[in-house]
Amino acid sequence: MQVKLVEGELYPMVNLGGNFQQNYNLYGVPGERFLNGSIAAQISVPIYTGGEVYARVRQAKATLGQARLQADLQRDVIRSSVVSSWGQLDSARSVIQSSKAAIKSAEIALVDIRQEAKVGQRTIFDILFAQQTLLNTRVSLVVAQRDRVVASYAVMAAIGRLAAANLNLSVAQYDPTIHCNQVKDKWIGLRTPAGR
């Protein structure tokens, strides 16, 4: 729009104005009145601007090109953020599944090692080592669940859906129409509805 606005300065401009007057004669013949009217039109055609308007058109076009490049760059950043966040979420889901399977196998191994210890084939150290392995796999499951939650919020943030309304939080949500209704009839003054 800025480019079109500056280019518009090179186009011809037409001004049209009108005037109408009605006068009553109070001292002469009663009921006598005078009507006057005029219409004026003016056309301005820019002939020579010294190149200033052309320079501003080129400047506006360069600014437009820069804004388009910035928009493309931002679009690419958002796309890569969405892809990265989705990859982290998918990875966390896979780690959760493998951690659950590892916990089941570690629990089975611990039971077997305890049975073998009862018959004298394993030592207390073997039991403690199996318990530590089970504990480590449970910790990795909790970490993967935490990573899944964080990655899901990162995906929501990347696609612009991380808001209190989408998360069903029990907080007061901002409604811009309330503030608009509070100040829409104010013609003058600097005070806000909060009194600041």
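This text follows the structure it describes.
About the thresholds
Residues numbered from 1 in each chain as written. Predicted model: local features only at pLDDT ≥ 70, side-chain atom pairs only at ≥ 80, totals over all residues. Heavy atoms only, no water. Helix = DSSP H or I, 4+ residues; strand = E, 2+ residues; numbered from the N terminus. Contact = heavy atoms within 4.5 Å. Areas by Shrake-Rupley, 256 points an atom, 1.4 Å probe, with all protein chains shown as cover. Lys, Arg positive; Asp, Glu negative; His and termini not counted. Charge placed at Lys NZ, Arg CZ, Asp CG, Glu CD. Buried < 20%, exposed > 50% of the residue type's maximum accessible area, 1.4 Å probe, protein only. Core = buried A, V, L, I, M, F, W, Y, C linked by side-chain atoms within 4.5 Å. Expected span 1.5 Å × (residues − 1). Phe/Tyr/Trp six-rings, centres within 6.5 Å; stacked < 30°, edge-to-face > 60°.

Colleague: I'm lost on the overall build of the protein chain in this one. Help?
Modeller: Helix and strand counts for the protein chain come out as 5 helices and 2 strands. Written out in order from the N terminus, the α and β elements of the protein chain read α-β-β-α-α-α-α. Expressed along its principal axes, the backbone C-alpha trace of the protein chain runs to roughly 135 × 45 × 25 Å. Residue pairs at least 24 apart in sequence account for 57% of intrachain contacts in the protein chain once pairs closer than 6 positions are excluded. Put simply, the protein chain shows about 15900 Å² of open surface, and 59% of that area lies on carbon and sulfur atoms. Between the averaged position of the 22 positive side-chain charges in the protein chain and that of its 14 negative side-chain charges there is a distance of 3 Å.

Colleague: I tried to follow the side chain of S99 on my own but got confused; where do I start?
Modeller: With respect to the helices, strands and loops of the structure, S99 is situated in helix α2 (residues 52-118). On the basis of relative accessibility, which here comes to 5%, the residue S99 falls in the buried class. Apart from the residues within four sequence positions on either side, S99 is in contact with T137, S140 and L141.

Colleague: So what exactly am I meant to see when it comes to unusual backbone geometry here?
Modeller: Excluding glycine, a negative phi dihedral is what most residues carry, and trans is how most peptide bonds are arranged. The phi dihedral of N168 falls on the positive side, at around 55°, and the residue is not glycine. Relative to the helices and strands, N168 is located in the loop between α4 (164-167) and α5 (176-183). Owing to a relative accessible area of 69%, N168 belongs among the exposed residues under this scheme.

Colleague: Would you take a moment to explain the nonpolar core for this structure?
Modeller: In summary, soluble globular proteins display a tendency toward joint burial of nonpolar side chains. In terms of nonpolar packing, the biggest core is built from 10 residues, these being I96, I103, A106, L110, I113, I127, A130, L134, L141 and A144. When contributions to this core are tallied by element, the ones reaching two or more residues are α2 and α3 (124-158). Those residues in contact with L141 that lie beyond four places of it in its chain are I96, S99, K100 and I103.

Colleague: Please explain α3 as it appears in this structure.
Modeller: Since the α-helix packs 3.6 residues into each turn, any two residues three or four apart lie on the same face. Its 35 residues place the ends of α3 50 Å apart at the C-alpha level, agreeing with the 51 Å of an ideal helix rising 1.5 Å per residue. Every buried residue belonging to α3 is among I127, A130, L134, T137, L141, A144, A151, V155 and A158, and all of these are buried. Buried residues belonging to α3 abut α2. Trailing α3 by a residue or two, G160 shows a phi angle of about 80°, which is positive.

Colleague: Whenever I open this one, the packing of aromatic side chains confuses me. Can you help?
Modeller: According to the stated counting rule, one finds 1 aromatic pair in the structure shown. The interplanar angle of 25° and the centroid separation of 6.4 Å between the aromatic rings of F125 and F129 together place this pair among those described as stacked. Of this pair, F125 and F129 both sit in helix α3, 4 residues apart, roughly one helical turn. In this structure, F125 and F129 share a single accessibility class: exposed.

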